[in-house]
Each structure stands twice: as structure tokens, then as C-alpha cells.
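An overview of the molecular structure
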Amino acid sequence: MAKLEVALLYGGRSVEHEVSIASARSILRALDPSRYRVWLLGVDRAGRWRLGAPGSELESVLERGPEVRPPVAGSQGQIVPLSGAEGAPTRVDVVFPIVHGAGGEDGTLQGLLELAGVPYVGARVLGSALQMDKEISKRLLQAAGVPVVPWQLVRRSEIASDPRAAVTRVVEALGVPLFTKPANGGSSVGTQRIERPESLGRALAEAARYDTKVVVERAVDAREIEVAVLGNESAEASLPGEIRPRREFYDYEAKYVDEATELLVPAPLSEGLTERARELALAAYAALEGEGLARVDFLLDRGSESLYVSELNSLPGFTEVSMYPRLWEASGLPYPQLLDRLIELALDRHRTRAALETTYRRS
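In this report, we go over the structure that sits alongside the text. From a predicted model like this one, the values you see are computed outputs, not experimental measurements. (Residues numbered from 1 in each chain as written. Predicted model: local features only at pLDDT ≥ 70, side-chain atom pairs only at ≥ 80, totals over all residues. Heavy atoms only, no water.)

In this structure, the second largest pocket spans a volume of roughly 430 Å³. Together, 19 residues line the second largest pocket, and Asn232, Glu233, Glu289, Gly290 and Glu291 are the ones closest to its centre. Those elements that provide at least two residues to the lining of the second largest pocket are helix 4 (125–132), helix 10 (271–287) and helix 12 (335–354). Here the lining of the second largest pocket is composed, by residue class, of eight nonpolar, four polar and seven charged. (1 Å grid on protein atoms, 1.4 Å probe; cavity = no way out; pocket = protein on both sides within 12 Å on 5 of 7 lines; lining within 4 Å. Points joined across faces, edges and corners; volume = space filled by probe spheres on them. Helix = DSSP H or I, 4+ residues; strand = E, 2+ residues; numbered from the N terminus. Nonpolar A, V, L, I, M, F, W, Y, C, P; charged D, E, K, R; others polar.)

Looking at the element boundaries, Asp44 is found in the loop between strand 2 (36–43) and strand 3 (49–52). Judged by relative accessible area, Asp44 falls into the buried class, the value being 6%. For Asp44, the side chain forms a polar contact with the side chain of Arg50, separated by 3.1 Å. Beyond its immediate stretch of four places on either side in the chain, Asp44 contacts Gly12, Arg13, His17, Arg50 and Leu62. (Buried < 20%, exposed > 50% of the residue type's maximum accessible area, 1.4 Å probe, protein only. Polar contact = N/O pair within 3.5 Å; in protein donor to acceptor, adjacent residues only side chain to side chain. Contact = heavy atoms within 4.5 Å.)

So, on to helix 3 (residues 108–116). Of all the positions in helix 3, only Leu109, Gln110, Gly111, Leu113 and Ala116 are classed as buried. Where helix 3 is buried, its residues touch strand 1 (4–11), strand 3, strand 4 (94–97) and helix 4. Positive phi shows up at Gly117, right after helix 3, with a value of about 70°.

Okay, the pattern of salt bridges next. On inspection of all chains with the given rule, the structure shows 29 salt bridges. The salt bridge involving Arg25 is made with Glu59; its shortest N-O contact spans 2.2 Å. Residue Arg25 is located in helix 1 (residues 17–30), and its partner Glu59 is located in helix 2 (residues 58–64); the two are separated by 34 residues in the primary sequence. The partner of Glu135 in a salt bridge is Lys213, and the shortest N-O contact between them spans 2.8 Å. Within this pair, whereas Glu135 is found in helix 5 (residues 134–143), its partner Lys213 is found in strand 8 (residues 213–218), the two being separated by 78 residues in sequence. In this structure Glu135 comes out as buried when scored by relative accessible area, which is 2%. Three or more residues joined by partner-sharing salt bridges are found here, namely Asp133, Glu135, Arg139 and Lys213. (Salt bridge = Lys/Arg side-chain N within 4 Å of Asp/Glu carboxyl O.)

Side-chain alternation along strand 4 places Val94 and Phe96 on one buried face and Val95 and Pro97 on a second face that is also buried. Looking at chain direction, strand 1 and strand 4 are connected through four bridges and run parallel. Across the sheet, the residue bridging to Val6 is Val94, located in strand 4. (Pairing = 2+ DSSP bridges.)

Along the chain, Leu28 turns up in helix 1. Along the backbone, Leu28 and Leu58 are 30 residues apart, and their C-alpha atoms lie at a distance of 9.3 Å. Beyond its immediate stretch of four places on either side in the chain, Leu28 contacts Leu8, Val38, Leu40, Ser56 and Leu58.

Here we come to the nonpolar core. Of all hydrophobic cores here, the largest spans 36 residues; its most connected members are Tyr10, Ile27, Phe96, Phe318 and Ile343. Residue contributions to this core peak at eight residues, all from helix 12. If we ignore the near neighbours within four places in the chain, the residues touching Ile343 are Leu4, Val6, Leu31, Tyr36, Val94, Phe96 and Val121. One finds Ile225, Ala281, Ala294 and Leu307 within the second-largest nonpolar core, a separate group that totals 27 residues. (Core = buried A, V, L, I, M, F, W, Y, C linked by side-chain atoms within 4.5 Å.)

This next bit is on the packing of aromatic side chains. With the rule as written, the count across this model stands at three aromatic pairs. Plain terms: the ring middles of Phe96 and Phe318 are 6.3 Å apart, the flat faces sit at 80° to each other, and that makes the pair edge-to-face. Of this pair, Phe96 sits in strand 4 while Phe318 sits in the loop between strand 14 (307–313) and helix 11 (323–330), placing them 222 residues apart in sequence. Accessibility classification places Phe96 together with Phe318 in one group, the buried group. An angle of 70° between the planes, with centres 5.8 Å apart, marks the rings of Phe318 and Tyr335 as edge-to-face. Note that Phe318 is positioned in the loop between strand 14 and helix 11 and Tyr335 in helix 12, a separation of 17 residues in sequence. (Phe/Tyr/Trp six-rings, centres within 6.5 Å; stacked < 30°, edge-to-face > 60°.)

This is how it looks when you write it as C-alpha cells:
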């Protein structure tokens, strides 16, 4: 049986560039070489796409790999090489994108792959954009009856024109403590916890460095629970896990630097709370057009034991120790088989959509 030609797409121009490389390294190590021939597509910090033949090193491709054009409309799976990129594959069977953050999981990359007709892992354009935007996702989750913590939206134009009014409005609506975060961001970059109203203005300005919209949430004394979801129209939820950071909250350092952060898999929850988290994860996944995979992050109020969906991540971290693969490992699906399943889901969806009519026929 011929091997599948897989393009592992990583890097990108967002602040999560290094996280993407770490995820790609783990995926590359775990993909079965008897089933897949893996080409590397690295997007460097300047946005240039660079090609690496099977067996190449991730970092060297980003630094010295020959440039290639991204897939273009009508290429139907082909990657068209630029001059100096001899030996590029004439086609790929599936793209495995693991570009975190803006330009990778916000729908823009997915739109490019859709136009090119290339099968790819993960949510499509709409689902990716919805899950990336914390403000729009909260509106849709709330409309679907999925609980979210109270929040306010502050636009960068408001921060620039009248920051005092913005602070007053938010504090009157939510009180303190609060969390501020860019509406379209990841890995807690730009996120701060605010204990006093006088600190809110600076926090809004910091978050506005990364996005034109800032989400401000009421802080909840909560445990951080995560559930992994896998599937297209018919999806399944993993056992929940719990994150116990030693820092004030689960910020960038706690996620990727601080080795004292505890990841408890499965989470020490009652049977009732476990099932409630899995049910809400599937409801949130459906509401935000999830496909392929997503990690659903919850806040579990310590006092009331109410569960709130914090956000969905359509391309979560994918190292062997990241929560998404660990949750599936605990649920009976090992890391290499999880990758197989994600590729199968991408190919299944592509076949389904390719069979749709594109020409009107009178019945």
C-alpha cells in the first residue's frame, strides 16, 4: 500500500511560533513512517513558506529551506515549487497544520487550503474563526445555552479615545477581580489578572497590543478543567483533566516554562461533574462548528461547582505532554493512533465535501 504524502505545516508569524515548533516536533516523531511520508512546510517569522524533504530538521527548514508558494486555487493538492525548490512533491494527500495563533487557527490558513482543494486536519474556516474569537464565541455559546462567565468587550479605539470611561464601564458591570485578554490570541499572551480598578487601564492597553478587541471577564475562584473533543459531525469527548498552576493563573510561563504546574489526568471529579463536563464540551463543539479536534477549557467554581466554558482551542498544543493528547491517552487512544484518527477525519471530510454538487441541475 502506497504511503500517504503528508505536509506538516508549522511555524507562523504569531507569538506562538515556538509553541508550534514544539508541537510539530512531537507529531513528526509519532507519525508512523510505514504509513506516511512527511514533508515539512515551515512558515518563518517573515511569513515565507519553506520546504523540507522527508528527514529534514524543523529548525533548519525554517532557516534555510527553499521557498515554496502556498497552495493556490485549482492546484488540487499540489504544492508548486519556486526556483531552487527542486524535488518538491507534485502533490500532498493531506496537510497537518499545527500553526498556533493568528494566521494559523483563525480561519485564514484554512481558507487558503480550502481554495487549493487540499484535505487538512482540524476545523474549517468558520469553526476556526469562531473558536479563535473569544468574544464572538461567548455570544454563540450563551445563545446555545452553554454557560460562560460574565464578560465585557472593550475595543482598542475606545481604549485610545477614552480609557477612563472604558474602565468605569467595565468595573460597574463586572466589579473586580477581573481578567483581561486579547479576543483573538492564545497561550495566555497578553492576559492579566486585575485586583484593583486602577490597574485595569494599563491591562487593557497591554491586551490591545495584540488585538483590536479586548475581552474582560469576571474572575471566578475556580479549578481549571479541560476536555478533548475528537470527530466531525459525530464527535466524542475524552475524560476531563485538571490543571493546577503554581502561579497566580495559568499564564504563558505556567504552560510552557514552569515545571511545577500539575496536569492531573483524569481530573479528580465526581462522576456527575465528569459527565457534565463531557456533555458541555460536545455542546460547545457543536455550537462553534468544531471539526477534527478541539480542546474545551472550563472553569469549575469552587463554591457552587458550576461549570463555565472558558474557550475552545481548535489547534491545541500537541507535544506528548500537552493536555489534548494526554487526555486521549487516558481515554484509551494513544498518541500515534490519535494522529492516525485525525488524518482519517480530514480525508473523510474532504471526500464528503467533494461529493457535494457544485453545478445547479434542474430536477
